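Chain residues, written in single-letter form:
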Amino acid sequence: MKMKITVHSTKAVKPSYAAGAAPAPGTKNVIPLTVFDKANFDTYISVIYAFRPPSPPNTAMEAGLAKVLAEYREWAGRLGVDAKGSRAILLTDEGARFVEATADVTLDSVMPLTPTPEVLCLHPSGDDDTEELMLIQVTRFACGSMVVGFTTQHIVADGRATNNFFLAWSQATRGVPLHPVPVHDRDAAFFKPRHPPMVEFQHRGVEFKKHSSSSSSNDDDVDSHADAEVVIQKVHFTRDFISKLKSQASSSPSTDPQAQQQQRRRPYSTLQCVVGHLWRCMTTARGLDARRPTSVAIAVDGRARMSPPVPESYAGNVVLWARPTAKAGDLVARPLQHAVDLIHREVARVNDRYFKSFVDFACSDAVEEEGLVPAADASEMVLSPDVEVDSWLRIPFYDLDFGSGRPFFFMPSYLPVEGLLILLPSFVGDGSIDAYVPLFSRDMDTFKNCCYNMDS
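Bear in mind the structure is a predicted one, so any value in this text is a computation, not a measurement.

1. Describing the pattern of salt bridges
Pairs can form between side chains of opposite charge once their charged atoms are near each other. All told, the structure shown has 26 salt bridges when counted by the stated rule. Ionic pairing is found between Lys209 and Asp377, a salt bridge with its closest N-O pair at 3.1 Å. With Lys209 in strand S9 (residues 208-210) and Asp377 in the loop between strand S14 (372-374) and strand S15 (387-391), the pair connects residues that are 168 residues apart, well separated along the chain. Here Asp289 ties to Arg291 by a salt bridge, and the two come within 3.2 Å at their closest N and O atoms.

2. What to know about the nonpolar core
In terms of nonpolar packing, the biggest core is built from 67 residues, with Phe150 and Trp169 touching the most fellow members. Apart from the residues within four sequence positions on either side, Trp169 is in contact with Met61, Gly64, Leu65, Val68, Phe98, Ile136, Val148, Phe150 and Phe402. Core analysis: the second largest hydrophobic core is formed by 63 residues, Val35, Ile242, Leu342 and Val350 among them.

3. Details of the layout of surface pockets
There is about 980 Å³ of room inside the second largest pocket. What lines the second largest pocket is a set of 30 residues, among which Leu33, Thr34, Val35, Lys38 and Ser86 lie closest to the centre. Elements that contribute at least two residues to the lining of the second largest pocket include exactly helix H1 (35-39), helix H11 (365-369) and S14. When the residues that make up the lining of the second largest pocket are grouped by side-chain class, the tally is 16 nonpolar, 4 polar and 10 charged.

4. Details of the environment of Asp386
For Asp386, the position within the fold is in the loop between S14 and S15. Between the C-alpha atoms of Asp386 and Gly302, which are 84 residues apart in sequence, the distance is 23 Å. Ignoring sequence-local partners within four residues, the contact set of Asp386 consists of Arg286, Pro293, Thr294, Ser295 and Gly419. From its side chain, Asp386 meets the backbone nitrogen of Ser295 in a polar contact 2.9 Å long.

5. Topic: unusual backbone geometry
Cis geometry marks the peptide bond from Pro53 to Pro54; its omega dihedral reads 0 degrees. Assignment of secondary structure puts Pro54 in the loop between strand S3 (44-51) and helix H2 (58-69). The omega torsion of the bond from Met111 to Pro112 falls at -5 degrees, within 30 degrees of zero and hence cis. Tracing the chain through its elements places Pro112 in the loop between strand S6 (96-103) and strand S7 (134-140). If you check the backbone angles, Asp93 has positive phi at about 60 degrees while not being a glycine. Relative to the helices and strands, Asp93 resides in the loop between strand S5 (87-90) and S6. Overall, Asp93 belongs to the buried group, its relative accessible area being 17%.

Rules of the game
Residues numbered from 1 in each chain as written. Predicted model: local features only at pLDDT ≥ 70, side-chain atom pairs only at ≥ 80, totals over all residues. Heavy atoms only, no water. Salt bridge = Lys/Arg side-chain N within 4 Å of Asp/Glu carboxyl O. Helix = DSSP H or I, 4+ residues; strand = E, 2+ residues; numbered from the N terminus. Core = buried A, V, L, I, M, F, W, Y, C linked by side-chain atoms within 4.5 Å. Buried < 20%, exposed > 50% of the residue type's maximum accessible area, 1.4 Å probe, protein only. Contact = heavy atoms within 4.5 Å. 1 Å grid on protein atoms, 1.4 Å probe; cavity = no way out; pocket = protein on both sides within 12 Å on 5 of 7 lines; lining within 4 Å. Points joined across faces, edges and corners; volume = space filled by probe spheres on them. Nonpolar A, V, L, I, M, F, W, Y, C, P; charged D, E, K, R; others polar. Polar contact = N/O pair within 3.5 Å; in protein donor to acceptor, adjacent residues only side chain to side chain.

Spelled out as structure tokens, the structure:
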């Protein structure tokens, strides 16, 4: 893929308030981060959308952005600290970065876009000096097609909340009412600890780790692959392949009464079956020692799991992780059903009780007294022997419409973190799934040989 991107302008787009709608004097201008915000990855994530012509002019998109930032003020703010010295979002209205660019080629000539370093030119970078929490680049191609690249600070919002902002921007550009209406209350009752607190689950070594601890148990892997290249393989699973995976996972013989009961109740989910399959394939490709434990961390959205439920339009983070674990040899030797059942049980365990136990522990004195920090560490670039899963299967990324139709293509940007698995619905729209799988180049041939193999 060869293309030259020319940046024509970079500006700060600030909130544009309707007459009489500006924040009143005394309006709260500091939003403390919740325990869920603090537990998430303190890093920037980038995604890329592609649209066919015609598309609205940049002036219309800029005006829509200014309008929607008045409803989502956190994205126009900056990270800082509150009066207590705790990290917070400062509603400064300094704005989001808006970049206008052009490409010297037609979009079709570089399609399909692939997760390689070349796509980094299609969105702003969230480097160490970045102050903005939202950065956007609109790139116009010679054919009239448009690519929109977003770079957002993950500590402000999870994937569902960030996508709600994207949708709101497109609605504001079209001049239609925002739906859903955002809920910004980060002081809501569901994020407050109970009195007395009731910590029912282990959170040390799960959501929290010792500040002085090394990055993780994968240090040996980092050292042994110090000069190895991480490559990202895009895997396409058809609806038929997924159906066969689900059938295999549900029909495999099991002597576990819990697994048998689950099979009678309902089949395993698409996410559980696809993740179980990829977890086994990645473990095989890595050639892990049979006795070595491997886990897969799966992000679990707490909105519908907490009681009372958190509104779907809540604008922050409400995510924890399920972490099923197995010995590498056991995982690959036993049938797919074993891996999927481990995943199912651990995901089910992250329920309302678990979320509230986390809140109680995260708000306790133990975190500060023991010097604990979030286990979600964006500096870890090698996850082996483990896997981390970001599932975007239920996030409506393809509903984005600036007035001339939905995107025909969507992808995460190049993020070479070995073991960070991203799943999203295929742009084909037929129920198929695309998986972005980063592994060391030396392991990729083995992975390719088994990822479409139903007998692996």
